[in-house]
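Chain residues, written in single-letter form:
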Amino acid sequence: MNNAVNDGVWSGSWVAERLGVGLEGDDGLPAMLGLALRRNPKRAHLLVSNVLGKHVPQTPSVVYGHGVRLGRRVHALLGEAEAARAVVLGYAETATGLGHAVADGLGTTPYLHSTRRPVAGVTPAGGFEESHSHATSHLLLPSDPGLLAGDGPLVLVDDEFSTGNTVLNTIRDLHARYPRRRYVVVALVDMRSAEDAERLERFAREIGARVDLVAAASGVVRLPEGVLEKGQGLVARYESGHGPDAAAAALRAPRRVDLGWPAGLPDGGRHGFTPSHRARLEAALPAMAGRIADALPADARRVLVLGSEELMYAPLRLACELERTLDGEVRFSTTTRSPVLAVDDPGYAIRSRIVFPAHDDPADGPGERYAYNVAGGGFGAVVAVVDSAGDTPLLHAPDGLLARLAAQVPHVLLAVVPSRVPEPPHAPERPAMLPEPLRGPAFSSYAPEEVGWLLQDLSDAALEAPTEEREEAIQSGGAHYAESLPVEYQPSAQYQELFHAALDTSAARIARAVGVVTETVLTERSPRPVLVSLARAGTPVGVLMRRWARLRHGLELPHYAVSIVRGRGIDANALRWLCAHHDPQDVVFVDGWTGKGAITRELAQAIEEFEKKEGVAGFDPEIAVLADPGSCVRTYGTREDFLIPSACLNSTVSGLISRTVLRADLVGPDDFHGAKFYRELAGADVSVAFLDAVAARFPEVADSVAGAVKELLAEDRSPTWAGWRAVERISEEYGIHDVNLVKPGVGETTRVLLRRVPWKILARKGAGADLDHVRLLAEQRGVPVEEVDELPYTCVGLIHPRYTRGATGADGRAVNV
């Protein structure tokens, strides 16, 4: 009853006659496939493979041989060099064993299969949906995060290729994370329509990759109109009264066999299976199969090795070894979560069904599981192979799998393979969940989709202190600059006019820089980046980059703002939140501009420390900036030092958010850094007006951006750190001896005048309108502007060295040195 053709009857004829379903294609298709009816509202029919080892017990060497031969064909297609760089990915649950066998046929190739069993603390490396399945969500959980990160060919293995939707969803998800030039899709049968085939070819062209297909057989399924409703009607009519579903009688307990599974050897490819793992398994198979053979009764001439859902490869290889050594007949199949109607008819592929409760604490909750074509199969013994996660009381319950098998088969053996569960990154205990990002209008004047703030709201805290008081505390070592806030500068009417004039003048220049840096990120860093701006100067830039990607490419990029504090590092809790919700390799940190590169260095050091402590990897510490006058990064819109009007103001151009705060009495070890939302300044807010003015210029700069990006990508953009050397020279020349008190560039100089106690402003001789607002602020604060030849920046702000409140003027006569 377990063959493709029973007494000359094709095992798909029952469905074909009643539903009008037609199977057309290669001559070998009827031998490989039968038909059954699904208990599934999304698809009426089920193509039942006779060579997969899932629903139909089959000779193990036939099952394994089909996969290995497909793997050898892939090896021939790729060639030796490309095959050596390939990674094989199989689909849960049906193709986990097939994918393993394909990897074996390829040779020295690592293997991973998707899973529906999450692991606490292990961050998915990807995921996708299988739309027609009864259980749609797939997770990719490699213990080695770098397994999928290479650029070698990715070989995707499924039992059947029916529409191509699952493969498209997979490639779309993984290509966005780990783009590569070549994919190979492998299946036992290719049953796509011409339209589906064209869709895959079109998709490959869109992503600029080659996608090949290797299949053992091909054809199409002809479905008449109304087939879903007709199929559901047949299922309802035949569903009741299957003897094998009846409650099992109280029979003797199954015999447990100790396999002697090698310590540390994975049970399969759920978290990755390497060629060295394969070699260890090969060496251990004879002894493990020998233990099973010794435990089998002498009169069991027909033996079934029964795997468990995703656990297919280990039991298949054990079955192959038994087939080689036992005198009797050996068959292989596995249990499944797929609900299929059973009809005891020679023309139907699923002749019997055993029903039992799930026994591995599945993520989607309790439910029925099935073993098909076991009852009535004439087996003298069944060897049930489960992993240790499935060796639970439910497995041994009166209605569990073992009891159901014992009601149908004289002898039942149980072999348990230790489940391999990756160790989650070690971290001290902390709250299970971090809060969701703050969003406008509750926090900031930006629209909620523009940015999510990974901060806590400290709006009710009294944090402001007079500028002179803050400066003395900071320079004396009595306080850190992030422990308090300066009093928000209230711009005069004259200063506001300067801001709007500067915006009118520079909007197109900024728009071009936004376009260049965004296109560079999309080309070099990630096709779907997660923008993470450094609050708060980076946040308007992050919003503008997001707007450019949406306008030019139709992308809705995630954007968050996080805190980084010089000398204290980046907010580690914000990084943990990002790890839990996104792939770190997709994260691109964004800032407004570089000065001497202190924050660039701070971020690199902080990321290194975080990844060592948390046991994660993937964050790229290089910042993407609008302007890089200090030559500190490779990803920038321009290296010119020009006025970015968002530097002219504080919160009123940054969503009404203060600079970030890190103080022990307000920010605990499990909290995000803090900031204030200045709702009371709404009347002076120009945050959205700034964004709109720049974004309005995107269309007119699009052509020049394309040319600039092409030239930029061909240039050597290695950081020279020329800005840092210039700052060191200025620090020594002016007797400051502290590079932290030298703030280069228009943006940093503006910050000095707005937040600190300035001593002098150095301006490049001949600098024009870019410094109008700097000259106005310097005049208001009584700070001299000194013109300098050959200054690498447009201007440099010098903070008063060793400041005390006795130093009342710009001459510094009261400074104690």
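Being a predicted model, the structure only gives us computed values, none of them experimental.

Draft legend 1. Examining the sheet that holds strand 7 (residues 111–113) more closely. Read across the sheet, six strands follow the order 3-12-11-10-6-7 without closing on themselves; strand pairing throughout is mixed. In this open sheet, the two strands that pair with only one neighbour each are strand 3 (22–25) and strand 7. Sheet twist, expressed as the mean angle between neighbouring strand axes with direction ignored, is 25°. Here strand 6 (residues 87–90) pairs with strand 10 (residues 154–161) via four bridges, running parallel. Bridging across to strand 10, Leu89 finds its partner in Leu156. Of the strands in this sheet, strand 6, strand 7, strand 10 and strand 11 (182–190) touch helix 5 (residues 96–106), which is tilted by about 135° from strand 10.

Draft legend 2. Looking closely at the side chain of Thr115. Take Thr115: it is sitting in the loop between strand 7 and strand 8 (126–129). Overall, Thr115 belongs to the buried group, its relative accessible area being 0%. Among the polar contacts listed, one links the side chain of Thr115 to the backbone nitrogen of Arg117, at a separation of 3.0 Å.

Draft legend 3. Fine view of the pattern of salt bridges. Applying the stated criterion across every chain yields a total of 42 salt bridges. Here Asp190 ties to Arg192 by a salt bridge, and the two come within 2.9 Å at their closest N and O atoms. In terms of burial, Asp190 and Arg192 fall into one category: buried. With a shortest N-O distance of 3.1 Å, Arg199 and Asp196 are connected by a salt bridge. With Arg199 and Asp196 both in helix 7 (residues 194–207) and three residues apart, the pair spans about one turn of that helix. Taking the relative accessible area as the measure of exposure, Arg199 reaches 25% and is therefore partly exposed. A single salt-bridge network, built from bridges that share partners, covers Arg117, Asp267, Arg270, Glu310, Asp360 and Asp387.

What counts and what doesn't
Residues numbered from 1 in each chain as written. Predicted model: local features only at pLDDT ≥ 70, side-chain atom pairs only at ≥ 80, totals over all residues. Heavy atoms only, no water. Pairing = 2+ DSSP bridges. Helix = DSSP H or I, 4+ residues; strand = E, 2+ residues; numbered from the N terminus. Axes fitted to C-alpha atoms, helices over the stretch in contact; angles between N-to-C directions. Contact = heavy atoms within 4.5 Å. Buried < 20%, exposed > 50% of the residue type's maximum accessible area, 1.4 Å probe, protein only. Polar contact = N/O pair within 3.5 Å; in protein donor to acceptor, adjacent residues only side chain to side chain. Salt bridge = Lys/Arg side-chain N within 4 Å of Asp/Glu carboxyl O.

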